[in-house]
Amino acid sequence: MNGEKLPSIPGYDIVRVLGQGGMATVYLAVQESFGRPVALKVMSPHLLAQRDFAQRFYSEARMVASLSHPNIVTVYDVGAYEQYHYLAMEYHTAGHLGELIEKGDISSQEALKISAQLARALAFAHENGIVHRDLKPDNVLFSKHGSPILTDFGIARDLHIDTQMTQIGSTVGTPKYMSPEQARGEKVDGRADLYSLGVMIYEMLTGAPPFSAGDTVTLAIKHCQDPVPPLPMTAGRFQPLLDRLLAKDPKFRYQTGNEVADAIDQLLKPPAAQAAAAPAAASAPLSFDSLPAKAAAPVSPSVPTGPANSFYKSSDVESGGFFSKKIERSVNFSADDFEEFSTYFQKMTDELAEWRQKNGKKANTLHLSIEAHPWINKRIIDKLNADFGPGHPYGDFANSGTITLHLYEPGGAEQGKRYMLRDKGTRPTAAG
Ligand SMILES: Nc1ncnc2c1ncn2[C@@H]1O[C@H](COP(=O)(O)OP(=O)(O)O)[C@@H](O)[C@H]1O
Ligand SMILES: [Mg+2]
């Protein structure tokens, strides 16, 4: 950065610049209260000149902060000090998708897996009334576990749109990922994000975007008029997916992120497995490849399990700022057999009732890590899915909170399955 001095914001110790855009600078900082690293996004003071800036910044920040999803960046805090309006977010250290595409070593399998996760994250944002509006590889970070994390939601973006349109080619760069309706300056909904996702998938599969041009106006026109170029032969089976994502008219696209993710999941299944997997998939809850770091938290290292080594642990993590304080509980136990599981499940249920009574709605997320023999997994999942009745402390919580489950094999080895059991009370539609 051009010798400019770092801003000073009470409560944060700013370390260095992580990234800089037209509207904001993102810093690595230490949040003094928790002593944790955060990504601190500080909006450019010149935006203050815009009418209602502060009000709109807060209202959007609050909406984004309310999104609690494993593939959406967690907002810890939002605030203002002197001319600085800022957002403190979870700090992710593994770079962004733009870098990965540039390196060019991304398999089609990986590309689709990332895209399905992004599609579900988008569906979740859209269901909550938030359109990203600037989906592009630079806005997809990676957690240290390799999960894609969607960031840079449209905070105050529409404030900027006028400037963007009048300064084409300067601050915005190119409308490389922009849907035709956005390029025309029309009102957009979530389907514009699905178009941008299509551009990203195209780029991940082929190394180049579907449309390019020397200037932004020509590029925008191509998005509006040119047919989707055919994929190379090797990627031919993804053509129908891309044709639908990149349809010019939003009504011919997939209508929701979940539809996109389902279509991708189908493509990811080897043809033989598709038929075989069908009955299992019908009862399986939505699964995610990975969850953010704090969800994957404390799993006991490789102690051999057995009755003597059985364990039960629970801990709370607080996050969020003054708008959105949240308390997440992690419960971690081992179960040698189904009886042991039932004992611990009861213990957890009792604690849960107490925890909810004490913390109310702020206590909204439960991360369950269970170390169990694979042969009781199905019974565990069935039990967790069955006890959602009202009046049952676990069931009551399930009706308003978010519950994720991560299963481990004895010894702590991942079984590679994480489940979203409830998402803010909504039961993820059983896949299939
Ligand atoms: N939570 C984060 N963790 C780590 N780096 C981040 C984080 N958020 C942003 N960055 C870095 O800062 C850059 C710009 O952040 P972004 O929120 O996209 O702002 P802009 O509106 O300027 O594009 C990102 O591309 C990334 O390199
Ligand atoms: Mg960005």
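Thresholds, definitions, all that
- Residues numbered from 1 in each chain as written.
- Chains lettered and ligands numbered in written order.
- Predicted model: local features only at pLDDT ≥ 70, side-chain atom pairs only at ≥ 80, totals over all residues.
- Buried ≥ 20, exposed ≤ 12 C-beta atoms within 10 Å, placed from the backbone.
- Helix = DSSP H or I, 4+ residues; strand = E, 2+ residues; numbered from the N terminus.
- Pairing = 2+ DSSP bridges.
- Right-handed = clockwise from strand over helix to strand, strands pointing away.
- Axes fitted to C-alpha atoms, helices over the stretch in contact; angles between N-to-C directions.
- Contact = placed C-beta atoms within 7 Å.
- Core = buried A, V, L, I, M, F, W, Y, C linked by C-beta atoms within 7 Å.
- Domains from an automatic or database assignment.
- Near = placed C-beta within 6 Å.
- Nonpolar A, V, L, I, M, F, W, Y, C, P; charged D, E, K, R; others polar.
- Expected span 1.5 Å × (residues − 1).
- Arc of directions from axis to C-beta.
- Parallel < 35°, antiparallel > 145°, perpendicular 65-115°, else oblique.

Participant: Tell me about the pairing of strand 11 (residues 363-372), and please be specific about residues and values.
Facilitator: Most of strand 11 is tucked away, with 10 of its 10 residues classed as buried. In the sheet, strand 10 (residues 326-335) pairs with strand 11 via 9 bridges, with the strands oriented parallel. Looking across to strand 11, one finds that Ile327 is bridged to Ala363. One crossover worth recording links strand 10 to the parallel strand 11 by way of helix 11 (residues 338-359), and it is right-handed. Where strand 11 lies against strand 12 (residues 402-408), 7 bridges are found, and the strand directions are parallel.

Participant: Summarise the sheet that holds strand 5 (residues 84-90); cite the residues concerned and give the values.
Facilitator: Taken together, 5 strands build an open sheet; the order of strands is 1-2-3-5-4 and the sheet is antiparallel. Sheet topology places strand 1 (12-20) and strand 4 (75-81) at the edges, where each strand pairs with a single neighbour. Averaged over all adjacent pairs, the angle separating strand axes in this sheet is 30°, with direction ignored. Across 7 bridges, strand 1 lies against strand 2 (residues 24-31) in antiparallel orientation. Residue Tyr12 lies in a different strand from strand 2, and its bridge partner there is Gln31. Strands strand 3 (36-43), strand 4 and strand 5 of the sheet are contacted by helix 1 (residues 53-65), whose axis makes an angle of about 170° with strand 4.

Participant: Could you give me a rundown of the nonpolar core, with the residues and numbers involved?
Facilitator: Counting residues in hydrophobic clusters, the biggest one holds 71 residues, and the most contacted among them are Leu40, Val75, Ala119, Leu197, Ile201 and Leu245. If you count residues domain by domain, this core takes at least three from each of domain 1 (12-90) and domain 2 (97-268). Each residue touching Leu245, except ones within four places of it in the same chain, is listed here: Leu194, Tyr195, Leu197, Gly198, Ile201, Arg253, Tyr254 and Val260. If you look at the next biggest cluster of nonpolar residues, it comprises 21 residues, including Ala398, Ile403, Leu405 and Met420.

Participant: I'd love a proper account of unusual backbone geometry, names of residues and values included.
Facilitator: The phi torsion of most residues other than glycine is negative, and most of the peptide bonds are trans. Look at Glu82: it is not a glycine, yet its phi comes out positive at around 45°. Mapped onto the fold, Glu82 is located in the loop between strand 4 and strand 5. Judged by C-beta crowding, with 10 C-beta atoms within 10 Å, Glu82 ranks as exposed. We note that Arg133 has phi near 75°; this positive angle belongs to a residue other than glycine. Tracing the chain through its elements places Arg133 in the loop between helix 3 (108-127) and strand 6 (140-142).

Participant: Can you break down the pairing of strand 2 residue by residue, with the values?
Facilitator: Here strand 1 hands over to strand 2 after 3 residues, the two strands then running antiparallel side by side. In this antiparallel pair of consecutive strands, strand 2 and strand 3, the connection spans 4 residues, and Gly35 shows a positive phi of 60°.

Participant: Which residues make up the site of ligand 1, and what values go with them?
Facilitator: Taken together, 19 residues surround ligand 1, and among them Gly19, Gly21, Val26, Ala39 and Asp152 come closest. For the shell around ligand 1, the secondary-structure elements that each account for two or more residues are strand 1, strand 2, strand 3 and strand 5. Its residues assigned to classes, the shell around ligand 1 comprises 9 nonpolar, 6 polar and 4 charged. Among the domains, domain 1 (12-90) and domain 2 (97-268) are the pair contributing at least three residues each to the shell around ligand 1.

Participant: Give me the lowdown on helix 9 (residues 257-268), citing residues and values where you can.
Facilitator: Relative to the 16 Å expected for 12 residues at 1.5 Å per residue, helix 9 spans 16 Å between its end C-alpha atoms, a close match to the ideal helical length. Along helix 9, the positions that sit buried rather than exposed are Gly257, Asn258, Val260, Ala261 and Ile264. Buried positions in helix 9, seen along its axis, are confined to an arc of 155° and lie on one side of it. Its buried side turned inward, helix 9 meets helix 3, helix 6 (190-206) and helix 8 (239-245).

Participant: Tell me what's going on with the packing of helix 3 against helix 6, and back it up with residues and numbers.
Facilitator: Across the interface, helix 3 lies against helix 6 with an axial gap of 10 Å and an inter-helix angle of 170°. Classed by the angle they form, the pair helix 3 and helix 6 counts as roughly antiparallel. Where helix 3 approaches helix 6, its residues Ser108, Ala111, Ser115, Leu118, Ala119, Leu122 and His126 are matched on the opposing element by Gly190, Asp193, Leu194, Leu197, Ile201, Met204 and Leu205. Its residues placed into classes, the contact of helix 3 with helix 6 shows 9 nonpolar, 4 polar and 1 charged.

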